[in-house]
Amino acid sequence: MFGCPGLFGKTVLELKPNRGELLPPHKMTPHDVVVLKLNKSDSASTPLAQGVVYRVKDGSIVIAVEDVPEDGLNSPLRLEKLANEVTYKRLKDTLIELSKGVNKGPATELVPVLFGAKAPSFAKKQLSFTPFNRDLDHSQRAAIAKALISNNVMLLHGPPGTGKTTTVVELILQEVKRESKVLVCAASNIAVDNIVERLACHKVLMVRLGHPARLLPQVLDSALDAKVMKADNSALANDVRKEMRVISSKLLKAKDRKTRGDLRRELRNLSKEERQRQQQAVTDVIKDSSVICTTLTGALSRQLNQTNFDVVIIDEAAQALEVACWIALLKGRRCILAGDHLQLPPTVQSVEAEKKGLGITLFGRLAALYGDQITSMLTVQYRMNELIMGWSSGELYDNKIEAHDSVKDHTLSELDGVTSSSAVDPTLILIDTAGCDLDEVKDDADSTMNEGEAKVAVAHALRLLDAGVKASDIGIITPYNAQVGVLRLMRAGDKKLADIEISSVDGFQGREKEAIIISMVRSNEKHEVGFLSDNRRMNVAVTRARRQCVIICDTETVYKNPFLKRLGNYFEENGEYLSAMEYLK
């Protein structure tokens, strides 16, 4: 256990397994709400503490709690994940409000446009603007110009690596410049924090709402708690609290009834004053900020009850449930949604809910409803070698994406300390496991894994390391959680692999590495490919790579799917084709 004063008084506990150095398979993720209990206690027992998952490591889970348990920490413990009832209630309340009809508030003119009952509109006169970021490309400038003249809604379509967040930050700065009150949201805390971090250097009057344990350390200075602590009313509230402690001390020593009664009344009055001053400090911070940043569900927090906005900007909107977007949208007159509906949508656990449309995002629905009328697509990408980009541009983006000169020819061998080799030189590699008897199996949770394919992935990673590629520049990703577990066990057995990041494709969305190795896993006699056939998932997988992308697959299985066959053929025609036998000798 250790304390972390940087979390505004929260206590941080690090929990490690009783046996072995690695945690067993689990589904804990950062920001989950959890309770800590004695391992021997029953499910109805009172928890030792409740908190939020702060970090998840291979060998420990770190949680942030309000109060340190007085005892029990030296006994075997268990961590239980709770359903986030606050999120569910906010989503439900928003649906109910929408179902009644929105007849008042800032979004009364916006709602009919977003439901197709009224046409979207733009100002007829183009608005000239001077960019804060002079390096914006032509498509980024065009997108901002279109957003600034939108009267209600605009979609900023940002394919992989095209600088969508850079464009969103510029748009926020332009809105602040014309004195707009801006609400900036995203479905995830990390997406919100990325924007906060980018805005910080521009000295914008900004506040980040949210639990400190859910925020990146580098944005804590912008957190509401930090801003409130510096406010005048908060300082006065602290003085009141000191006075309350003095009176409490007197109360313990007082003997006659009248004195105790007087002290209790004074304590009640001071307590009321302390609460009022603290609330006023929060109100002042919100009122004085031009930009409020929060998650979508955080937009319904009580601190924003009385606040309306000129514009609501939602980043990663194609990864958010539509109903979650409405939490923020009902607070603004106009909205800008930024995202890419050709990458992965939000995960919907319920098959029935998915069938009934819960997985259809607002971004995707509006793109289908209004198309180019409200959409501006970014077309210059700054991440991938042109060969890696070429497949997704042709398959999904009508060949409209171009690689910036700074990246279009870059390769692994150009990195410091990397020597040319047969493993390093190709930009695209397809490693075929067909005929190698590397069949898939199911784990206890019915997730698919392929140990032989994992060995091939690790073998290629070791070849890259031997050529001088840094472990931190390599990522191994796979669509299946069971395969993630197999790969992480292999990583734990070799210290050289320690800094290689291993993740599911879904968990790696929004990220990038110099070299990406994709383990497709599926290899079976029925030629079933499962959700590999989702073009959005494979789009995310391939476009994580900057200088090299490696696909490991059984072509006899995956080529039965036309989409995956086109992907494999592209790699064969534009890169190296190898048999997995070359790695298994």
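Residues numbered from 1 in each chain as written. Predicted model: local features only at pLDDT ≥ 70, side-chain atom pairs only at ≥ 80, totals over all residues. Heavy atoms only, no water.

S.K.: Looking at this structure, I do not really get the layout of surface pockets. What am I missing?
M.R.: Of the volumes computed, that of the second largest pocket is approximately 470 Å³. Lining of the second largest pocket is provided by 18 residues; of these, Lys16, Leu23, Leu77, Arg78 and Leu79 occupy positions nearest its centre. For the lining of the second largest pocket, the element with the most residues is strand β6 (residues 77-81), which contributes 3 residues. Of the residues contributing to the lining of the second largest pocket, the split by class is 12 nonpolar, 4 polar and 2 charged. (1 Å grid on protein atoms, 1.4 Å probe; cavity = no way out; pocket = protein on both sides within 12 Å on 5 of 7 lines; lining within 4 Å. Points joined across faces, edges and corners; volume = space filled by probe spheres on them. Helix = DSSP H or I, 4+ residues; strand = E, 2+ residues; numbered from the N terminus. Nonpolar A, V, L, I, M, F, W, Y, C, P; charged D, E, K, R; others polar.)

S.K.: Even after reading the chapter, I still don't get helix α12 (residues 386-396), so can you show me in this structure?
M.R.: Helical geometry: 3.6 residues make up each α-helical turn, so side chains three or four residues apart lie on a common side. Turning to α12, its buried residues are Ile388, Met389, Trp391, Ser392, Ser393 and Leu396. In this structure, the buried side of α12 is in contact with β14 (380-381), β15 (402-403), β16 (428-432), α15 (535-542), β22 (545-553) and α17 (562-574). For α12, the capping residue at the N-terminal end is Asn385, with a side-chain oxygen 2.8 Å from the backbone nitrogen of Leu387. (Buried < 20%, exposed > 50% of the residue type's maximum accessible area, 1.4 Å probe, protein only. Contact = heavy atoms within 4.5 Å. Polar contact = N/O pair within 3.5 Å; in protein donor to acceptor, adjacent residues only side chain to side chain.)

S.K.: How should the sheet that holds strand β21 (residues 513-519) be read in this particular structure?
M.R.: Working definition: the strands of a sheet are paired by backbone hydrogen bonds and lie parallel or antiparallel to each other. Within the open sheet, the 6 strands sit side by side as β20-β19-β21-β22-β16-β23. Their pairing is parallel. A single partner strand is all that each edge strand has here, and the edge strands are β20 (501-504) and β23 (576-579). Neighbouring strand axes in the sheet, compared pairwise and without regard to direction, differ in orientation by 20° on average. Direction of pairing for β21 relative to β22: parallel, over a ladder of 6 bridges. Across the sheet, the residue bridging to Ala515 is Gln548, located in β22. Set on the sheet, α12 makes contact with β16 and β22; between it and β22 the angle comes to about 65°. Along the sheet, helix α14 (residues 481-492) contacts β19 (474-478), β20 and β21; its crossing angle with β20, the most-contacted strand, is approximately 165°. (Pairing = 2+ DSSP bridges. Axes fitted to C-alpha atoms, helices over the stretch in contact; angles between N-to-C directions.)

S.K.: What's the story with helix α13 (residues 451-466) in this structure? I'm lost.
M.R.: Compared with an ideal rise of 1.5 Å per residue, which puts 16 residues at 22 Å, α13 spans 23 Å between its outermost C-alpha atoms and is within 8% of the ideal. The complete set of buried residues in α13 reads Gly452, Glu453, Ala454, Val456, Ala457, Val458, Ala459, His460, Ala461, Leu464 and Leu465. Tucked into the core, α13 has its buried residues touching β16, β19, α14, β21, β22 and α18 (581-584). Immediately beyond the C-terminal end of α13, within one or two residues, lies Gly468, with a positive phi of roughly 105°. (Expected span 1.5 Å × (residues − 1).)

S.K.: For this particular structure, what's the right way to read the domain arrangement of the protein?
M.R.: By convention, interface size is frequently given as the accessible area that disappears when the constituent parts associate. What the domain assignment lists for the protein is domain 1 (4-82), domain 2 (87-205 + 290-378), domain 3 (230-287) and domain 4 (386-582). Summarising the inter-unit geometry, the C-alpha centres of domain 1 and domain 4 are found 34 Å apart. (Domains from an automatic or database assignment.)

S.K.: Where do I start with the packing of aromatic side chains in this structure?
M.R.: Evaluation of the coordinates by the stated rule reveals 4 aromatic pairs. Ring geometry for Trp391 against Phe563: centres 5.9 Å apart, planes inclined by 55°, an arrangement best described as tilted. Of this pair, Trp391 sits in helix α12 while Phe563 sits in helix α17, and the two are 172 residues apart along the sequence. Phe563 sits in the buried class, given a relative accessible area of 8%. With a centroid separation of 6.5 Å and an interplanar angle of 65°, the aromatic rings of Tyr570 and Phe571 are classed as edge-to-face. When sorted by exposure, Tyr570 lands in the same class as Phe571, which is buried. Of note, Arg463 hangs over the ring of Tyr583, and the distance from its end group to the ring centre comes to 3.9 Å. The ring of Phe531 carries the charged tip of Arg537 above its face, separated from the ring centre by 4.1 Å. (Phe/Tyr/Trp six-rings, centres within 6.5 Å; stacked < 30°, edge-to-face > 60°. Lys NZ or Arg CZ within 6 Å of the ring centre and 35° of its normal.)

S.K.: Mind showing me how you'd approach the packing of α12 against α17 here?
M.R.: For the pair α12 and α17, the least separation of the axes is 11 Å and the interaxial angle reads 150°. When the interaxial angle is binned, α12 and α17 end up roughly antiparallel. You can see that α12 and α17 cross each other, and the crossing is right-handed. Across the interface between the two elements, Glu386, Leu387, Gly390, Trp391 and Glu395 from α12 touch Phe563, Arg566, Leu567, Tyr570 and Asn574 from α17. Considering only residue class, the contact of α12 with α17 consists of 5 nonpolar, 2 polar and 3 charged. (Parallel < 35°, antiparallel > 145°, perpendicular 65-115°, else oblique. Left-handed = near helix turned anticlockwise from the far one by under 90°.)

S.K.: Would you mind showing me how to read a negative patch on the surface here?
M.R.: The grouping of Glu386, Glu402, Asp405 and Asp409 at the surface amounts to a negative patch. Here Glu386 is to be found in helix α12. (Patch = residues over 30% accessible without salt bridge, like charges linked within 9 Å, V, L, I, M, F, W, Y side chains within 5 Å. Areas by Shrake-Rupley, 256 points an atom, 1.4 Å probe, with all protein chains shown as cover. Salt bridge = Lys/Arg side-chain N within 4 Å of Asp/Glu carboxyl O. Lys, Arg positive; Asp, Glu negative; His and termini not counted. Charge placed at Lys NZ, Arg CZ, Asp CG, Glu CD.)

S.K.: Is there a simple way to explain empty space enclosed by the protein in this structure?
M.R.: The rolling of a water-molecule-sized probe over the atoms marks out the regions of remaining empty space. This model, assessed by the stated rule, comprises 1 cavity of 30 Å³ or more. Empty space within the largest cavity amounts to approximately 40 Å³. In terms of lining residues, the largest cavity is bounded by Val458, Ala461, Ile476, Leu487, Met490, Arg491, Leu497, Ile500 and Ile502. Those elements giving two or more residues to the lining of the largest cavity turn out to be α13 and α14. No other element matches α14, which puts 3 residues into the lining of the largest cavity. Here the residues of the lining of the largest cavity sort into 8 nonpolar, no polar and 1 charged.

S.K.: What should I look at first to understand the state of the cysteines in this one?
M.R.: In a disulfide, the sulfur atoms of two cysteines are covalently bonded to one another. Tallied over the entire structure, the rule returns 0 disulfides. Left without a disulfide partner, Cys185 is nearest to the cysteine sulfur of Cys293, which lies 8.2 Å away. Classification of Cys185 as buried rests on a relative accessible area of 0%. (Disulfide = S-S within 2.5 Å.)

S.K.: Would you mind going over the side chain of Thr411 with me for this structure?
M.R.: Mapping Thr411 onto the fold places it in the loop between β15 and β16. When residues no more than four places from it in sequence are discounted, the contact partners of Thr411 are Asn385, Thr427 and Arg547.

S.K.: Would you mind going over the nonpolar core with me for this structure?
M.R.: Soluble, globular proteins show a tendency: their nonpolar side chains are buried together. In this structure, Leu183, Leu329, Leu337 and Leu366 are the most contacted members of the largest nonpolar core, which totals 46 residues. Take this core: its biggest share by element is 7 residues, from helix α9 (residues 322-329). Counting only domains with at least three residues in this core, you end up with domain 2 (87-205 + 290-378) and domain 3 (230-287). Beyond its immediate chain neighbours, meaning those up to four positions away, Leu183 contacts Ile292, Thr294, Ala299, Leu304, Phe309, Val311, Val312, Ile313, Ala328 and Lys331. Counting residues in hydrophobic clusters, the runner-up holds 38 residues, among them Met384, Tyr397, Cys549 and Val558. (Core = buried A, V, L, I, M, F, W, Y, C linked by side-chain atoms within 4.5 Å.)

S.K.: What should I look at first to understand the pairing of strand β10 (residues 291-295) in this one?
M.R.: Where a strand is regular, its side chains alternate between the two sheet faces. Extensive coverage of β10 is indicated by the burial of 5 of its 5 residues. Both faces of β10 are covered, namely the face carrying Val291, Cys293 and Thr295 and the face carrying Ile292 and Thr294. Alignment of strand β8 (residues 182-186) against β10, held across 5 bridges, turns out to be parallel. By the bridge assignment for β10, Val182 is matched with Val291. Note: strand β9 (residues 206-208) against β10, 3 bridges, orientation parallel. Across the sheet, the residue bridging to Met206 is Val291, located in β10.

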